[in-house]
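# Descriptive analysis of the structure
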Amino acid sequence: MGYRLDNLIGFLYQRARLVRHKDGLIPEIDLIGPIMLPKVCVVRALVDRMMPGQQIILRSTDLEMPWEMEHMCNRLGHELLEVGREGQTVFFTLRIRGTEDRLPTQDPFTLDLSPQAVIQTIDITPNREPARIRGHNGSLPTARPALKAKKR
């Protein structure tokens, strides 16, 4: 069975929650994906579909994700606002930057891991507003062509 990245992104948005944050309501997405697809590729596909200035919270239990997020944000110029940890789960808050206001790329060998604040979350409601996360018309914005699996 082949996977399409657009289908995976749609699935992630369906499972997203709106989280009350100091900057307002922000979508929180649990990073999952096919076994052989690195989660940072899924994050890149999500980020490419977002508008400049938007924020997103990403949740992952993978040990390598803090470093991958640091390097991805450094390479793409997006802003890693906060990193929090609750047990084995790490929460990343990103702000998407437009092409004209991207952060400058740093030498990857001099990057430090962002400090991880210990947090406690309380999950009291399921996602009741999936259309509000996706946008006004209920469809995902399109970006450049995504990776596609060959059909046999």
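Residues numbered from 1 in each chain as written. Predicted model: local features only at pLDDT ≥ 70, side-chain atom pairs only at ≥ 80, totals over all residues. Heavy atoms only, no water.

## Observations concerning the overall build of the protein
Here is the rule we go by: Strands here mean DSSP runs of E at least two residues long; helices mean DSSP runs of H or I at least four residues long; both are numbered from the N terminus. Contacts between residues were defined by any pair of non-hydrogen atoms, one from each residue, lying within 4.5 Å. Only the protein chains shown count as cover for residues, with accessible areas throughout obtained via the Shrake-Rupley method and a probe of 1.4 Å.
In terms of regular secondary structure, the protein is built from 4 helices and 6 strands. The order of α-helices and β-strands along the protein, N terminus first, is α-β-β-α-β-α-β-β-β-α. Contacts in the protein between residues far apart in sequence, at least 24 positions, make up 72% of those at least 6 positions apart. For the protein, the accessible area works out to roughly 10000 Å², and carbon and sulfur atoms hold 53% of it.

## Details of the packing of helix α1 (residues 5-14) against helix α2 (residues 39-48)
For clarity, the cut-off: Between N-to-C directions, angles span 0 to 180 degrees; the directions come from axes that are lines fitted to C-alpha atoms, helices contributing only their stretch in contact. Oblique is the label for any angle not under 35 degrees, not over 145, and not in the 65 to 115 range, which are roughly parallel, roughly antiparallel and roughly perpendicular in turn. Polar here means any residue other than Ala, Val, Leu, Ile, Met, Phe, Trp, Tyr, Cys and Pro, which are nonpolar, and Asp, Glu, Lys and Arg, which are charged; Gly is therefore polar.
Running from N to C, α1 and α2 point in directions that differ by 80 degrees, and their axes come no closer than 10 Å. When the axis of α1 is compared with that of α2, the two are roughly perpendicular. Residue-level contacts link Leu5, Leu8, Ile9, Leu12 and Tyr13 of α1 to Val42, Ala45 and Leu46 of α2. Classifying every residue of the contact of α1 with α2 gives 8 nonpolar, no polar and no charged.

## Focus on the nonpolar core
Here is the rule we go by: Definition of nonpolar core: a set of buried residues of the types Ala, Val, Leu, Ile, Met, Phe, Trp, Tyr and Cys, connected through side-chain atoms within 4.5 Å. Throughout, exposure labels follow a simple rule: accessible area from a 1.4 Å probe, protein chains only, divided by the maximum for the residue type, with under 20% read as buried, over 50% as exposed, and the rest as partly exposed.
Ranked by size, the top nonpolar core spans 27 residues in total, and within it Val43, Leu46, Leu58 and Leu94 carry the most contacts. Beyond its immediate sequence surroundings of up to four residues, Leu58 is in contact with Ile29, Leu31, Val43, Leu46, Met69, Val90, Phe91, Phe92 and Leu94.

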